[in-house]
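Structural overview
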Amino acid sequence: MSFHSMWAELLPVGRSSASGGYRRYAWTGADSDCRTWFREQAQARGLAYETDRNGNQWAWLGDPAAGNAVVTGSHLDSVPDGGAFDGPLGVVSAFAALDELRGRGTRFTRPLGIVNFGDEEGARFGLACVGSRLTSGALTAEQAHRLTDADGITLPQAMEAAGHDPDTLGPDPERLARIGAFVELHVEQGRALDLSGDRVGIASAIWPHGRWRFDFRGEANHAGTTRLTDRHDPMLPYAEAVLAARREAQLAGAVATFGKVAVEPNGVNAVPSLVRGWLDSRAADQEGLDAVVAGVEKAAREYAAAHGVDLGVECESFTPVVDFDHALRDELARILGKEADLRVPVLGTGAGHDAGILSGRVPTAMLFVRNPTGVSHSPAEHAAEDDCAAGVHALADVLEGLART
(Lines give C-alpha, C1' and ligand atoms only; values in the text may rest on other atoms or scores of the structure.)
Protein backbone atom coordinates (compact mmCIF):
# COMPACT_ATOMS: atom_id res chain seq x y z
CA MET A 1 0.00 0.00 0.00
CA SER A 2 1.41 3.40 -0.98
CA PHE A 3 2.00 6.35 1.34
CA HIS A 4 -0.81 8.18 -0.43
CA SER A 5 -3.36 5.41 0.05
CA MET A 6 -2.41 4.88 3.72
CA TRP A 7 -2.68 8.62 4.32
CA ALA A 8 -6.08 8.79 2.63
CA GLU A 9 -7.32 5.88 4.76
CA LEU A 10 -6.29 7.50 8.01
CA LEU A 11 -7.28 11.06 7.11
CA PRO A 12 -11.00 10.94 8.03
CA VAL A 13 -10.49 9.23 11.42
CA GLY A 14 -11.36 11.54 14.30
CA ARG A 15 -11.73 14.60 12.08
CA SER A 16 -14.20 17.28 13.19
CA SER A 17 -16.57 18.41 10.46
CA ALA A 18 -16.94 21.73 12.28
CA SER A 19 -13.28 22.73 12.63
CA GLY A 20 -11.52 20.46 10.15
CA GLY A 21 -9.14 19.55 12.97
CA TYR A 22 -8.59 16.22 14.72
CA ARG A 23 -9.92 15.02 18.06
CA ARG A 24 -8.13 11.73 18.48
CA TYR A 25 -8.02 11.56 22.26
CA ALA A 26 -6.58 8.63 24.18
CA TRP A 27 -8.86 5.62 24.71
CA THR A 28 -11.81 7.06 22.79
CA GLY A 29 -13.58 5.77 19.71
CA ALA A 30 -11.31 7.74 17.36
CA ASP A 31 -8.26 6.36 19.15
CA SER A 32 -9.64 2.84 18.79
CA ASP A 33 -10.12 3.38 15.05
CA CYS A 34 -6.49 4.56 14.76
CA ARG A 35 -5.33 1.49 16.64
CA THR A 36 -7.33 -0.76 14.35
CA TRP A 37 -5.72 0.93 11.35
CA PHE A 38 -2.24 0.32 12.79
CA ARG A 39 -2.97 -3.34 13.51
CA GLU A 40 -4.33 -3.88 9.99
CA GLN A 41 -1.26 -2.24 8.42
CA ALA A 42 1.01 -4.52 10.44
CA GLN A 43 -0.94 -7.65 9.58
CA ALA A 44 -1.16 -6.74 5.89
CA ARG A 45 2.65 -6.77 5.80
CA GLY A 46 3.00 -10.04 7.68
CA LEU A 47 4.54 -8.32 10.70
CA ALA A 48 4.25 -9.72 14.21
CA TYR A 49 1.77 -7.45 16.01
CA GLU A 50 1.43 -6.84 19.76
CA THR A 51 0.11 -4.34 22.28
CA ASP A 52 2.35 -3.89 25.31
CA ARG A 53 1.41 -3.55 28.97
CA ASN A 54 1.00 0.24 28.61
CA GLY A 55 -1.17 0.21 25.50
CA ASN A 56 1.56 1.02 22.99
CA GLN A 57 1.30 -0.86 19.68
CA TRP A 58 4.25 -2.66 18.06
CA ALA A 59 4.82 -4.30 14.69
CA TRP A 60 7.94 -6.45 14.25
CA LEU A 61 9.97 -7.73 11.34
CA GLY A 62 12.30 -10.32 12.85
CA ASP A 63 12.39 -11.50 16.45
CA PRO A 64 12.66 -8.60 18.93
CA ALA A 65 13.96 -11.02 21.55
CA ALA A 66 17.19 -11.16 19.54
CA GLY A 67 17.90 -7.64 20.82
CA ASN A 68 19.64 -4.61 19.33
CA ALA A 69 16.48 -3.83 17.36
CA VAL A 70 16.03 -0.71 15.25
CA VAL A 71 12.65 0.89 15.96
CA THR A 72 10.82 3.75 14.28
CA GLY A 73 7.34 5.24 14.58
CA SER A 74 5.56 8.00 16.49
CA HIS A 75 1.94 8.48 17.67
CA LEU A 76 -1.58 8.71 16.21
CA ASP A 77 -3.42 10.76 18.86
CA SER A 78 -3.92 14.52 18.58
CA VAL A 79 -4.33 17.76 20.49
CA PRO A 80 -7.83 19.29 20.42
CA ASP A 81 -8.54 20.27 16.82
CA GLY A 82 -4.98 19.42 15.84
CA GLY A 83 -3.50 18.88 12.42
CA ALA A 84 -3.14 15.71 10.38
CA PHE A 85 0.67 15.50 10.37
CA ASP A 86 1.81 15.75 13.99
CA GLY A 87 2.44 12.09 14.88
CA PRO A 88 0.70 10.24 12.05
CA LEU A 89 3.34 11.35 9.54
CA GLY A 90 5.91 9.35 11.51
CA VAL A 91 3.77 6.21 11.71
CA VAL A 92 2.63 6.23 8.07
CA SER A 93 6.19 7.01 6.93
CA ALA A 94 7.47 4.05 8.96
CA PHE A 95 5.25 1.58 7.09
CA ALA A 96 6.03 3.30 3.77
CA ALA A 97 9.78 3.13 4.47
CA LEU A 98 9.51 -0.59 5.18
CA ASP A 99 7.66 -1.04 1.88
CA GLU A 100 10.42 0.87 0.08
CA LEU A 101 13.13 -1.28 1.66
CA ARG A 102 11.34 -4.46 0.69
CA GLY A 103 11.14 -3.10 -2.83
CA ARG A 104 14.91 -2.59 -2.74
CA GLY A 105 15.39 -6.18 -1.59
CA THR A 106 17.07 -5.07 1.63
CA ARG A 107 18.04 -7.88 3.99
CA PHE A 108 18.17 -6.98 7.67
CA THR A 109 20.61 -8.31 10.24
CA ARG A 110 18.78 -6.65 13.14
CA PRO A 111 15.08 -6.81 14.12
CA LEU A 112 13.03 -3.87 12.82
CA GLY A 113 10.10 -2.47 14.79
CA ILE A 114 7.36 0.09 14.15
CA VAL A 115 5.60 1.63 17.15
CA ASN A 116 2.53 3.73 17.86
CA PHE A 117 2.97 5.25 21.32
CA GLY A 118 -0.28 5.89 23.19
CA ASP A 119 -1.46 9.26 24.51
CA GLU A 120 1.54 11.30 23.36
CA GLU A 121 -0.29 14.62 23.27
CA GLY A 122 -1.90 14.38 26.70
CA ALA A 123 -5.07 16.05 25.41
CA ARG A 124 -7.41 13.99 27.57
CA PHE A 125 -5.56 13.40 30.85
CA GLY A 126 -3.31 16.46 30.89
CA LEU A 127 0.06 14.70 30.78
CA ALA A 128 2.01 14.30 27.54
CA CYS A 129 3.76 11.10 26.43
CA VAL A 130 1.94 8.81 28.85
CA GLY A 131 2.72 5.62 26.90
CA SER A 132 6.45 6.27 26.60
CA ARG A 133 6.69 7.69 30.14
CA LEU A 134 5.17 4.52 31.56
CA THR A 135 7.41 2.29 29.47
CA SER A 136 10.57 4.14 30.47
CA GLY A 137 9.59 4.41 34.14
CA ALA A 138 9.34 8.21 34.04
CA LEU A 139 5.69 7.78 35.10
CA THR A 140 4.79 5.22 37.76
CA ALA A 141 1.67 3.06 37.69
CA GLU A 142 0.44 4.81 40.83
CA GLN A 143 0.80 8.23 39.19
CA ALA A 144 -0.92 6.99 36.03
CA HIS A 145 -3.83 5.62 38.01
CA ARG A 146 -4.45 9.10 39.44
CA LEU A 147 -4.74 10.78 36.03
CA THR A 148 -8.29 12.05 35.42
CA ASP A 149 -10.00 13.69 32.44
CA ALA A 150 -12.35 16.68 32.47
CA ASP A 151 -15.35 14.40 33.07
CA GLY A 152 -13.80 12.75 36.12
CA ILE A 153 -12.96 9.51 34.30
CA THR A 154 -9.65 8.05 35.41
CA LEU A 155 -7.07 6.65 33.02
CA PRO A 156 -7.66 3.08 34.28
CA GLN A 157 -11.42 3.44 33.73
CA ALA A 158 -10.88 4.75 30.20
CA MET A 159 -8.44 1.97 29.35
CA GLU A 160 -10.73 -0.70 30.73
CA ALA A 161 -13.68 0.69 28.74
CA ALA A 162 -11.51 0.44 25.62
CA GLY A 163 -10.64 -3.19 26.34
CA HIS A 164 -7.15 -2.79 27.85
CA ASP A 165 -6.22 -4.07 31.31
CA PRO A 166 -4.96 -1.12 33.42
CA ASP A 167 -3.50 -3.47 36.05
CA THR A 168 -0.58 -4.15 33.69
CA LEU A 169 0.61 -0.52 33.64
CA GLY A 170 4.22 0.08 34.58
CA PRO A 171 7.88 0.16 33.50
CA ASP A 172 8.91 -2.21 30.75
CA PRO A 173 12.71 -2.52 31.03
CA GLU A 174 12.84 -5.84 29.18
CA ARG A 175 11.24 -4.26 26.10
CA LEU A 176 13.58 -1.27 26.19
CA ALA A 177 16.60 -3.56 26.59
CA ARG A 178 15.77 -5.08 23.19
CA ILE A 179 16.02 -1.72 21.41
CA GLY A 180 19.39 -0.68 20.03
CA ALA A 181 18.14 2.53 18.38
CA PHE A 182 14.90 4.48 18.09
CA VAL A 183 14.46 6.96 15.22
CA GLU A 184 11.30 9.08 15.15
CA LEU A 185 10.27 10.96 12.01
CA HIS A 186 8.10 14.02 12.65
CA VAL A 187 6.76 17.02 10.80
CA GLU A 188 8.78 20.06 11.83
CA GLN A 189 6.87 22.31 14.22
CA GLY A 190 8.50 25.49 13.05
CA ARG A 191 9.95 27.02 9.88
CA ALA A 192 13.69 26.35 10.12
CA LEU A 193 13.71 23.92 7.18
CA ASP A 194 11.48 26.15 5.10
CA LEU A 195 13.79 29.11 5.69
CA SER A 196 16.88 27.06 4.85
CA GLY A 197 15.26 25.48 1.78
CA ASP A 198 15.80 21.89 3.00
CA ARG A 199 13.26 19.09 2.93
CA VAL A 200 14.62 16.98 5.78
CA GLY A 201 16.55 17.77 8.96
CA ILE A 202 18.08 15.95 11.92
CA ALA A 203 17.25 16.92 15.51
CA SER A 204 20.07 17.96 17.82
CA ALA A 205 18.14 18.46 21.05
CA ILE A 206 14.74 19.19 22.62
CA TRP A 207 14.46 22.33 24.72
CA PRO A 208 13.59 21.93 28.42
CA HIS A 209 9.87 22.47 28.85
CA GLY A 210 6.99 22.07 31.26
CA ARG A 211 3.43 22.85 32.25
CA TRP A 212 2.46 24.90 35.29
CA ARG A 213 -1.05 25.36 36.71
CA PHE A 214 -1.91 28.78 38.13
CA ASP A 215 -4.95 28.82 40.47
CA PHE A 216 -6.28 32.32 41.14
CA ARG A 217 -8.88 32.18 43.94
CA GLY A 218 -11.07 35.22 44.50
CA GLU A 219 -14.65 35.81 45.55
CA ALA A 220 -17.75 35.16 43.46
CA ASN A 221 -20.15 38.08 43.30
CA HIS A 222 -22.79 39.83 41.21
CA ALA A 223 -21.33 41.46 38.08
CA GLY A 224 -24.00 44.16 38.04
CA THR A 225 -24.17 45.23 41.68
CA THR A 226 -20.66 44.75 43.12
CA ARG A 227 -18.60 47.93 43.08
CA LEU A 228 -15.21 47.62 41.36
CA THR A 229 -13.45 48.59 44.58
CA ASP A 230 -15.24 45.81 46.48
CA ARG A 231 -14.28 43.03 44.11
CA HIS A 232 -11.75 40.24 44.53
CA ASP A 233 -11.71 39.33 40.86
CA PRO A 234 -9.24 36.53 39.95
CA MET A 235 -9.59 37.29 36.25
CA LEU A 236 -7.49 40.44 36.63
CA PRO A 237 -4.29 38.83 37.95
CA TYR A 238 -4.80 35.99 35.47
CA ALA A 239 -4.85 38.55 32.65
CA GLU A 240 -1.65 40.07 34.01
CA ALA A 241 -0.05 36.62 34.10
CA VAL A 242 -0.88 36.13 30.42
CA LEU A 243 0.78 39.43 29.54
CA ALA A 244 3.73 38.67 31.81
CA ALA A 245 4.28 35.36 30.02
CA ARG A 246 4.71 37.21 26.73
CA ARG A 247 7.05 39.79 28.26
CA GLU A 248 9.25 37.26 30.08
CA ALA A 249 9.48 34.98 27.07
CA GLN A 250 10.63 37.85 24.88
CA LEU A 251 13.28 38.85 27.42
CA ALA A 252 14.64 35.29 27.64
CA GLY A 253 14.40 34.41 23.95
CA ALA A 254 11.99 31.65 24.95
CA VAL A 255 8.32 30.85 24.41
CA ALA A 256 5.47 30.88 26.93
CA THR A 257 1.77 30.37 26.44
CA PHE A 258 -1.37 30.30 28.56
CA GLY A 259 -3.35 28.10 26.17
CA LYS A 260 -5.98 26.65 28.52
CA VAL A 261 -8.19 28.32 31.10
CA ALA A 262 -11.07 27.19 33.33
CA VAL A 263 -13.36 29.64 35.09
CA GLU A 264 -15.77 29.10 37.99
CA PRO A 265 -18.68 29.65 38.17
CA ASN A 266 -18.25 30.66 34.51
CA GLY A 267 -21.29 32.92 34.33
CA VAL A 268 -21.51 36.01 32.14
CA ASN A 269 -23.03 38.04 34.97
CA ALA A 270 -20.81 36.73 37.78
CA VAL A 271 -17.45 37.82 39.11
CA PRO A 272 -15.42 34.57 39.08
CA SER A 273 -14.44 32.77 42.25
CA LEU A 274 -11.66 30.80 40.53
CA VAL A 275 -9.63 31.24 37.37
CA ARG A 276 -7.32 28.35 36.61
CA GLY A 277 -4.81 28.79 33.80
CA TRP A 278 -2.17 26.48 32.43
CA LEU A 279 1.22 27.87 31.40
CA ASP A 280 3.34 26.06 28.82
CA SER A 281 6.89 27.36 28.61
CA ARG A 282 10.01 26.23 26.73
CA ALA A 283 13.51 27.65 26.41
CA ALA A 284 16.86 26.78 24.88
CA ASP A 285 18.35 26.13 28.32
CA GLN A 286 17.27 25.57 31.91
CA GLU A 287 18.36 29.02 33.05
CA GLY A 288 16.13 30.70 30.49
CA LEU A 289 13.15 28.52 31.36
CA ASP A 290 13.55 29.17 35.10
CA ALA A 291 13.72 32.90 34.46
CA VAL A 292 10.48 32.89 32.46
CA VAL A 293 8.47 30.89 34.98
CA ALA A 294 9.82 32.86 37.94
CA GLY A 295 9.07 36.15 36.21
CA VAL A 296 5.50 35.13 35.38
CA GLU A 297 4.86 33.90 38.91
CA LYS A 298 6.30 37.09 40.45
CA ALA A 299 4.07 39.33 38.34
CA ALA A 300 1.02 37.16 38.99
CA ARG A 301 1.57 37.16 42.77
CA GLU A 302 2.04 40.93 42.92
CA TYR A 303 -1.15 41.57 40.98
CA ALA A 304 -3.09 38.91 42.90
CA ALA A 305 -2.12 40.51 46.22
CA ALA A 306 -3.21 43.92 44.95
CA HIS A 307 -6.69 42.56 44.25
CA GLY A 308 -7.13 40.39 47.34
CA VAL A 309 -6.78 37.16 45.36
CA ASP A 310 -4.93 34.03 46.47
CA LEU A 311 -2.57 32.31 44.04
CA GLY A 312 -1.35 28.72 43.96
CA VAL A 313 1.19 27.52 41.39
CA GLU A 314 1.91 23.86 40.71
CA CYS A 315 4.25 22.26 38.18
CA GLU A 316 2.22 19.48 36.55
CA SER A 317 4.95 18.17 34.25
CA PHE A 318 8.55 18.96 33.39
CA THR A 319 11.06 17.58 30.91
CA PRO A 320 14.71 18.66 31.12
CA VAL A 321 16.79 19.37 28.05
CA VAL A 322 17.19 16.30 25.83
CA ASP A 323 20.47 15.96 23.95
CA PHE A 324 19.95 13.22 21.38
CA ASP A 325 22.57 10.48 21.22
CA HIS A 326 25.54 12.07 19.45
CA ALA A 327 26.85 8.85 17.91
CA LEU A 328 23.43 7.96 16.47
CA ARG A 329 22.86 11.52 15.27
CA ASP A 330 26.23 11.51 13.54
CA GLU A 331 25.46 8.14 11.97
CA LEU A 332 22.20 9.52 10.55
CA ALA A 333 24.11 12.45 9.09
CA ARG A 334 26.68 10.07 7.57
CA ILE A 335 23.99 7.83 6.04
CA LEU A 336 21.99 10.70 4.59
CA GLY A 337 25.11 12.58 3.52
CA LYS A 338 25.81 9.93 0.89
CA GLU A 339 23.27 11.56 -1.41
CA ALA A 340 25.00 14.47 -3.08
CA ASP A 341 21.74 16.36 -3.72
CA LEU A 342 20.46 16.08 -0.12
CA ARG A 343 21.67 18.58 2.46
CA VAL A 344 20.51 17.63 5.96
CA PRO A 345 20.83 20.41 8.55
CA VAL A 346 20.89 19.72 12.30
CA LEU A 347 18.42 21.76 14.35
CA GLY A 348 16.93 21.97 17.83
CA THR A 349 13.24 22.02 18.70
CA GLY A 350 11.00 23.31 21.43
CA ALA A 351 8.45 20.52 20.99
CA GLY A 352 8.40 17.42 23.19
CA HIS A 353 8.36 13.93 21.67
CA ASP A 354 8.35 10.26 22.67
CA ALA A 355 11.94 10.12 21.39
CA GLY A 356 12.86 12.64 24.08
CA ILE A 357 11.27 10.55 26.81
CA LEU A 358 13.07 7.40 25.67
CA SER A 359 16.43 9.13 25.23
CA GLY A 360 17.51 8.40 28.79
CA ARG A 361 17.05 4.66 28.27
CA VAL A 362 17.92 3.93 24.62
CA PRO A 363 19.86 5.75 21.88
CA THR A 364 17.37 7.98 20.09
CA ALA A 365 17.35 10.34 17.12
CA MET A 366 14.79 12.32 15.14
CA LEU A 367 14.21 13.31 11.53
CA PHE A 368 12.13 16.37 10.68
CA VAL A 369 10.15 16.93 7.48
CA ARG A 370 9.70 20.48 6.21
CA ASN A 371 6.59 22.38 7.26
CA PRO A 372 6.14 25.30 4.80
CA THR A 373 4.22 27.52 7.23
CA GLY A 374 5.58 26.31 10.55
CA VAL A 375 1.99 26.00 11.80
CA SER A 376 1.32 23.00 14.06
CA HIS A 377 -1.33 21.88 16.56
CA SER A 378 -3.82 23.40 14.14
CA PRO A 379 -5.94 22.21 11.20
CA ALA A 380 -3.66 24.37 9.02
CA GLU A 381 -0.66 22.13 9.76
CA HIS A 382 0.78 20.91 6.47
CA ALA A 383 3.63 19.20 4.67
CA ALA A 384 3.89 18.99 0.88
CA GLU A 385 3.55 15.58 -0.74
CA ASP A 386 7.06 15.69 -2.26
CA ASP A 387 8.53 16.61 1.14
CA CYS A 388 6.70 13.68 2.73
CA ALA A 389 8.15 11.44 0.02
CA ALA A 390 11.62 12.81 0.77
CA GLY A 391 11.04 12.02 4.43
CA VAL A 392 10.06 8.43 3.65
CA HIS A 393 13.12 8.00 1.44
CA ALA A 394 15.42 9.45 4.12
CA LEU A 395 13.89 7.21 6.79
CA ALA A 396 14.28 4.17 4.55
CA ASP A 397 17.95 5.02 4.02
CA VAL A 398 18.47 5.42 7.78
CA LEU A 399 16.73 2.14 8.62
CA GLU A 400 18.68 0.34 5.92
CA GLY A 401 21.93 1.80 7.19
CA LEU A 402 21.24 0.88 10.79
CA ALA A 403 19.38 -2.45 10.54
CA ARG A 404 21.75 -4.28 8.26
CA THR A 405 24.95 -3.41 10.11
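Residues numbered from 1 in each chain as written. Predicted model: local features only at pLDDT ≥ 70, side-chain atom pairs only at ≥ 80, totals over all residues. Heavy atoms only, no water.

**Overview of the overall build of the protein**
Inclusion rule: A run of DSSP states H or I qualifies as a helix once it reaches four residues; a run of E qualifies as a strand once it reaches two. Both are numbered from the N-terminal end. With a 1.4 Å probe rolled over the protein chains alone, any residue whose accessible area is under 20% of its type maximum counts as buried; one over 50% counts as exposed, and the rest are partly exposed. In what follows, residue pairs with any heavy atoms lying within 4.5 Å of each other are defined as contacts. Computed by Shrake-Rupley with a 1.4 Å probe, the accessible areas treat only the displayed protein chains as cover when residues are assessed. Under this rule, positive means Lys or Arg and negative means Asp or Glu; His and the chain ends count for nothing. Where a charge sits is defined by one atom per residue type, namely NZ (Lys), CZ (Arg), CG (Asp) or CD (Glu).
Counting its secondary structure elements, the protein contains 13 helices and 15 strands. Dimensions of the protein, computed from the C-alpha atoms along their principal axes, are close to 80 × 45 × 40 Å. The burial tally for the protein puts 53% of its 405 residues in the buried class. Sequence-distant contacts, at least 24 apart, represent 77% of the contacts inside the protein between residues at least 6 apart. Working note: accessible area of the protein is about 17000 Å², and carbon and sulfur atoms make up 50% of it. Mean positive and mean negative side-chain charge positions of the protein (37 and 56 charges, respectively) differ by 1 Å.

**Focus on the nonpolar core**
This is how the line gets drawn: Grouping buried Ala, Val, Leu, Ile, Met, Phe, Trp, Tyr and Cys residues that are joined through side-chain atoms within 4.5 Å yields what is termed a nonpolar core.
By size, the foremost hydrophobic cluster in this structure holds 52 residues, and its most contacted members are Trp37, Leu89, Leu332 and Leu367. Not counting chain neighbours up to four residues away, the residues in contact with Leu89 comprise Phe3, Trp7, Leu185, His186, Val187, Val369 and Cys388. The next biggest cluster of nonpolar side chains, apart from the first, holds 21 residues, and it includes Tyr238, Ala283, Val296 and Ala300.

**Remarks on the pattern of salt bridges**
Where we set the bar: Counted as salt bridges are all cases of a side-chain nitrogen of Lys or Arg within 4 Å of a carboxyl oxygen of Asp or Glu.
In the structure shown here, the tally under the stated rule is 25 salt bridges. In this structure, Glu316 engages Arg213 in a salt bridge whose closest nitrogen and oxygen atoms are separated by 2.9 Å. With Glu316 in strand S12 (residues 310–319) and Arg213 in strand S7 (residues 209–217), this residue pair connects regions lying 103 residues apart in the sequence. The exposure class assigned to Arg213 is buried, which follows from its relative accessible area of 17%. Taking the shortest distance from any N to any O, the salt bridge between Glu331 and Arg334 comes out at 2.6 Å.

**Some details on the packing of helix H2 (residues 29–44) against helix H3 (residues 88–104)**
Definition in use: Convention adopted: a line fitted to C-alpha atoms gives each axis, helices being fitted over their contacting stretch, and angles between N-to-C directions are expressed from 0 to 180 degrees. Should an angle lie under 35 degrees it is considered roughly parallel, over 145 roughly antiparallel, and from 65 to 115 roughly perpendicular; all remaining angles are considered oblique. Charged means Asp, Glu, Lys or Arg here, nonpolar means Ala, Val, Leu, Ile, Met, Phe, Trp, Tyr, Cys or Pro, and polar covers whatever is left, Gly included.
Taken N-terminus to C-terminus, the directions of H2 and H3 make an angle of 10°; their axes are 11 Å apart at the nearest point. In terms of orientation, H2 and H3 fall into the roughly parallel class. Taken together, the residues of H3 that come into contact with H2 (itself represented by Trp37, Phe38, Gln41 and Ala42) are Val91, Val92 and Phe95. Taken together, the residues of the contact of H2 with H3 sort by class into six nonpolar, one polar and no charged.

**Side note on the environment of Trp60**
Mapped onto the fold, Trp60 is located in strand S2 (residues 57–61). Residues Trp60 and Pro12, spaced 48 residues apart in sequence, show a C-alpha to C-alpha distance of 26 Å. Those residues in contact with Trp60 that lie beyond four places of it in its chain are Leu47, Ala48, Glu50, Ala69, Val71, Leu112, Gly113 and Arg175.

**A look at helix H11 (residues 326–336)**
Under the convention used in this document: This arc is built from the directions going out from the helix axis to the C-beta atoms. The definition of a polar contact used here is a pair of N or O atoms within 3.5 Å, where within protein one atom must be able to donate a hydrogen and the other to accept one, and adjacent residues in sequence count solely through side-chain atom pairs.
The complete set of buried residues in H11 reads Leu328, Arg329, Leu332, Ile335 and Leu336. Within H11, the buried residues cover an arc of 125° as seen down the axis, which keeps them to one side. On its buried side, H11 packs onto strand S5 (179–187), strand S6 (200–206), strand S14 (346–349), strand S15 (364–369) and helix H13 (385–403). The backbone nitrogen of Ala327 lies 3.3 Å from a side-chain oxygen of the residue at the head of H11, namely Asp325.

**Points about the sheet that holds S12**
What counts is decided by this rule: Strands are treated as partners if at least two bridges between them are detected by DSSP.
Strand order in the open sheet formed by four strands is S9-S11-S7-S12, with antiparallel pairing between adjacent strands. Whereas interior strands pair on both sides, the edge strands pair on one side only; in this sheet they are strand S9 (255–264) and S12. Across the sheet, the mean angle separating the axes of adjacent strands is 15° when strand polarity is ignored. Those strands touched by helix H9 (residues 235–252) are S7, S9 and strand S11 (274–282), and its axis lies near 170° from that of S9. Contacts from helix H10 (residues 286–306) reach S7, S9, S11 and S12 within the one sheet, and its direction differs from that of S12 by about 165°.

**Notes on the packing of aromatic side chains**
Just so we agree on the cut-off: Between 30 and 60 degrees the pair is tilted, below 30 it is stacked and above 60 it is edge-to-face, where a pair is any two Phe, Tyr or Trp rings, Trp via its six-membered ring, whose centres lie within 6.5 Å. Whether a charge lies above a ring is judged from NZ of Lys or CZ of Arg, which has to be within 6 Å of the ring centre and within 35 degrees of the ring normal.
Inspection of every chain in the model, using the stated rule, returns twelve aromatic pairs. Geometrically, the ring pair formed by Trp7 and Phe85 is tilted, given 4.8 Å between the ring centres and 35° between the ring planes. Of this pair, Trp7 sits in helix H1 (residues 3–10) while Phe85 is found in the loop between strand S3 (69–75) and H3, placing the two residues 78 residues apart along the sequence. With respect to burial, Trp7 and Phe85 carry one shared label: buried. Residues Trp58 and Phe117 carry aromatic rings whose centres are separated by 5.9 Å and whose planes lie at 80° to one another, so their mutual orientation is edge-to-face. Taken together, the residues span a long stretch of sequence, with Trp58 in strand S2 and Phe117 in strand S4 (residues 112–117) at a distance of 59 residues. You can call Phe117 buried: its relative accessible area is 2%. Here the aromatic residues Trp37, Phe38, Tyr49 and Phe95 are joined through ring pairs into a cluster of three or more. When the ring centre of Trp27 is taken as reference, the NZ or CZ atom of Arg35 above it lies at 4.2 Å. Here the basic side chain of Lys260 rests over the ring of Trp278, its NZ or CZ set 4.5 Å away from the ring centre.

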